[in-house]
Amino acid sequence: MAEKKYNVDSFNLDHTKVTAPFVRVAAKKTGKKGDMITKFDIRFCQPNKEFMTTGAIHTLEHLIAEYIRDEIPEDVIDFSPMGCRTGFYFTLWGDYDEETIAKKLVNVLKKVAVWDKPVPATTEVECGNYRDHDLEGAKLYAKKWVEGIESKGWNCYKN
């Protein structure tokens, strides 16, 4: 990680020295009452080389956000896409490590890769952009992420 110049963690990350897919702790913070949160950078695409389409990232967000809660039922705070469309931020209550989160996400993304049911919460009432979904694209990104993690591991830095 580069020397801190910015308040935003990802702005300080040297995006040329990481290899996607990966799981990286972006921040660990302890609140005023002693509660800890851990925020992860869940990268699907190689920064500045590729990015996900909006429909695919939107569908992944719906599926992962819903089903990661089956893996970690009590501690999920948020699972949200990055503006650059190369991955997601995942925030949880507690002190979690990268390997644990990678294993939980592999479980979810293996299901997403073969998903054959309707995508949850894709009606006008449930979603703010319900027409912009791409299940086939989401399945391809899920499969690619799982294959990458299983072949190279969850670490983000180039060897």
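This write-up is about the structure you can find in this document. (Residues numbered from 1 in each chain as written. Predicted model: local features only at pLDDT ≥ 70, side-chain atom pairs only at ≥ 80, totals over all residues. Heavy atoms only, no water.)

## Re the nonpolar core
- Core analysis: the largest hydrophobic core is formed by 35 residues, its most contacted members being Ile-42, Phe-44 and Leu-60.
- Where this core is concerned, the elements lending two or more residues are strand S2 (36-43), helix H2 (54-71), strand S3 (76-81), strand S4 (87-93), helix H3 (98-113) and helix H4 (135-152).
- Counting residues in hydrophobic clusters, the runner-up holds five residues, among them Leu-13, Ala-20, Phe-22 and Cys-156. (Core = buried A, V, L, I, M, F, W, Y, C linked by side-chain atoms within 4.5 Å. Buried < 20%, exposed > 50% of the residue type's maximum accessible area, 1.4 Å probe, protein only. Helix = DSSP H or I, 4+ residues; strand = E, 2+ residues; numbered from the N terminus.)

## Points about the packing of aromatic side chains
- Here the structure, examined in full by the defined rule, presents six aromatic pairs.
- Considering the side-chain rings of Tyr-67 and Trp-115, the 5.1 Å spacing of their centres and the 45° angle between planes classify their relative orientation as tilted. Here Tyr-67, found in helix H2, pairs with Trp-115, found in the loop between H3 and H4; they are 48 residues apart in sequence, far enough to count as distant.
- Seen from their ring centres, Phe-79 and Phe-90 are 5.5 Å apart, and the 65° between their planes marks the pair as edge-to-face. One end of the pair, Phe-79, is in strand S3; the other, Phe-90, is in strand S4, and 11 residues separate them in sequence.
- On the basis of relative accessible area, Phe-90 is assigned to the buried category, the value being 0%.
- Aromatic rings pair up to connect Phe-44, Phe-79, Phe-88, Phe-90 and Trp-145 into one cluster.
- Just above the ring of Tyr-89 sits the side chain of Lys-39; from NZ or CZ to the centre is 4.4 Å. (Phe/Tyr/Trp six-rings, centres within 6.5 Å; stacked < 30°, edge-to-face > 60°. Lys NZ or Arg CZ within 6 Å of the ring centre and 35° of its normal.)

Interpretation in functional terms is not warranted from these geometric data alone.
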